[in-house]
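Structural overview for review
Here's the letter readout for the chains.
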Amino acid sequence: MHFKGTAHRYGRDIDTDVIIPARYLNSSEPEWLAQHCLEDLDADFVKKVKKGDIIVAEENFGCGSSREHAPIAIKAAGVDVVIAKSFARIFYRNSINTGLAIMECPEAVDAIKQGDVVDVDADAGIITNTTTGETFKAQPFPPFIREIIEEGGLINRTKKVLGK
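Residues numbered from 1 in each chain as written. Predicted model: local features only at pLDDT ≥ 70, side-chain atom pairs only at ≥ 80, totals over all residues. Heavy atoms only, no water.

The name given to the protein in an unreviewed UniProt entry is 3-isopropylmalate dehydratase small subunit, with Ellagibacter isourolithinifaciens as the source organism. For the protein, the Sequence similarities (unreviewed entry) comment in UniProt is given as "Belongs to the LeuD family. LeuD type 2 subfamily." In UniProt, the protein has this text filed under Subunit (unreviewed entry): "Heterodimer of LeuC and LeuD." (UniProt positions renumbered as here; feature names shortened; annotations may be inferred.)

**Side note on the overall build of the protein**
Within the protein, the secondary structure is distributed over 8 helices and 7 strands. Here the protein has a C-alpha radius of gyration of 15 Å; the compact-globule value for 164 residues is 15 Å, and the two agree. Over its C-alpha atoms, taken along the principal directions, the protein stretches across nearly 40 × 40 × 25 Å. Looking at the protein as a whole, 47% of its 164 residues are labelled buried. In the form shown here, the protein has an accessible surface area of approximately 7700 Å², with 52% of it arising from carbon and sulfur atoms. Measuring between centres, the 20 positive side-chain charges of the protein sit 4 Å from its 25 negative side-chain charges. (Helix = DSSP H or I, 4+ residues; strand = E, 2+ residues; numbered from the N terminus. Rg over C-alpha atoms; globule rule 2.2 N^0.38 Å. Buried < 20%, exposed > 50% of the residue type's maximum accessible area, 1.4 Å probe, protein only. Areas by Shrake-Rupley, 256 points an atom, 1.4 Å probe, with all protein chains shown as cover. Lys, Arg positive; Asp, Glu negative; His and termini not counted. Charge placed at Lys NZ, Arg CZ, Asp CG, Glu CD.)

**What to know about the sheet that holds strand 6 (residues 126-129)**
With respect to topology, 7 strands assemble into an open sheet ordered 4-3-2-1-5-6-7, the strand pairing being mixed. Strands with a single pairing partner mark the edges of an open sheet, and in this sheet they are strand 4 (101-104) and strand 7 (134-137). Averaged over all pairs of adjacent strands, the angle between their axes in this sheet comes to 25°, without regard to strand direction. As judged from the 4 bridges shared by strand 2 (residues 54-57) and strand 3 (residues 81-84), these two strands associate in the parallel manner. (Pairing = 2+ DSSP bridges. Axes fitted to C-alpha atoms, helices over the stretch in contact; angles between N-to-C directions.)

**Observations concerning the layout of surface pockets**
By volume, the largest pocket amounts to about 150 Å³. In terms of lining, the largest pocket is formed by Tyr-92, Arg-93, Ile-96, Ile-102, Met-103, Glu-104, Ala-138, Gln-139, Pro-140, Phe-141, Pro-142 and Ile-145. Contributions of two or more residues to the lining of the largest pocket are made by helix 5 (89-98) and strand 4. Looking at the lining of the largest pocket residue by residue, the classes come out as 9 nonpolar, 1 polar and 2 charged. (1 Å grid on protein atoms, 1.4 Å probe; cavity = no way out; pocket = protein on both sides within 12 Å on 5 of 7 lines; lining within 4 Å. Points joined across faces, edges and corners; volume = space filled by probe spheres on them. Nonpolar A, V, L, I, M, F, W, Y, C, P; charged D, E, K, R; others polar.)

**Some words on the nonpolar core**
By size, the foremost hydrophobic cluster in this structure holds 27 residues, and its most contacted members are Ile-19, Phe-45, Ile-55, Phe-61, Ile-74, Val-82 and Phe-91. Put simply, the parts of the chain that give this core at least two residues each are helix 2 (30-34), strand 2, helix 4 (69-77) and strand 3. Of all the elements, helix 4 adds the most residues to this core, at 4 residues. The next biggest cluster of nonpolar side chains, apart from the first, holds 25 residues, and it includes Val-81, Ile-83, Cys-105 and Ile-148. (Core = buried A, V, L, I, M, F, W, Y, C linked by side-chain atoms within 4.5 Å.)

**Comments concerning helix 7 (residues 143-150)**
Taken as a whole, helix 7 has its buried residues at Ile-145, Ile-148 and Ile-149. What you see down the axis of helix 7 is that its buried residues fit within an arc of 95°, all on one side. Turned more than 90 degrees off the buried face of helix 7, the exposed positions are Pro-143 and Phe-144. Buried residues belonging to helix 7 abut helix 5, strand 4 and helix 8 (154-162). (Arc of directions from axis to C-beta. Contact = heavy atoms within 4.5 Å.)

**Some points on the packing of helix 4 against helix 5**
Running from N to C, helix 4 and helix 5 cross one another at 50°; their axes reach a closest spacing of 8 Å. Between helix 4 and helix 5, the angle falls in the class oblique. Of the two elements, helix 4 crosses helix 5, and the hand of that crossing is right-handed. For the pair formed by helix 4 and helix 5, the contact residues are Ala-70, Pro-71, Ile-72, Ile-74 and Lys-75 on the first element and Phe-91, Asn-94, Ser-95 and Thr-98 on the second. Residues of the contact of helix 4 with helix 5, tallied by class, amount to 5 nonpolar, 3 polar and 1 charged. (Parallel < 35°, antiparallel > 145°, perpendicular 65-115°, else oblique. Left-handed = near helix turned anticlockwise from the far one by under 90°.)

**A short note on the environment of Cys-37**
In this fold, Cys-37 is placed in the loop between helix 2 and helix 3 (45-48). Residue classification places Cys-37 among the buried positions, given a relative accessible area of 1%. Discounting residues that sit within four places of it in the chain, Cys-37 has contacts with Ile-19, Ile-20, Phe-45, Val-46, Ala-73, Ile-74 and Ala-77.

The following block contains the structure:
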């Protein structure tokens, strides 16, 4: 899996209520959730984000409630991968289950600035800040996780495996 996009930088402890505010949870439609992704933190996020862009964040990204709406909103907004120093465990699992690629790499987070262009080779675990030329090593996805993300989530992968 290969991703390349513009970095959108955020701080630490970005919780799921900030990623997708509870007032929008009357629907689980990805397009609806995407329209409101991160609006309480960055009112212009959905206007700025382009398909293939990357979120870069500090520690504990996705903390808070266990709602799967948060990674769905991020993915539907056009983000291909989130790179953070660390993730809340339930957000980490929900991201994989919904097909959102996430990578932990504190060194990359420290070096990547807002607006930098970032290239990610998830199979090799290589993150390159193409703006500065710096390269960082993250843990690559194991094959079974890569398959889930490539298929767009756990349900899609399960359907494929079952031939449905």
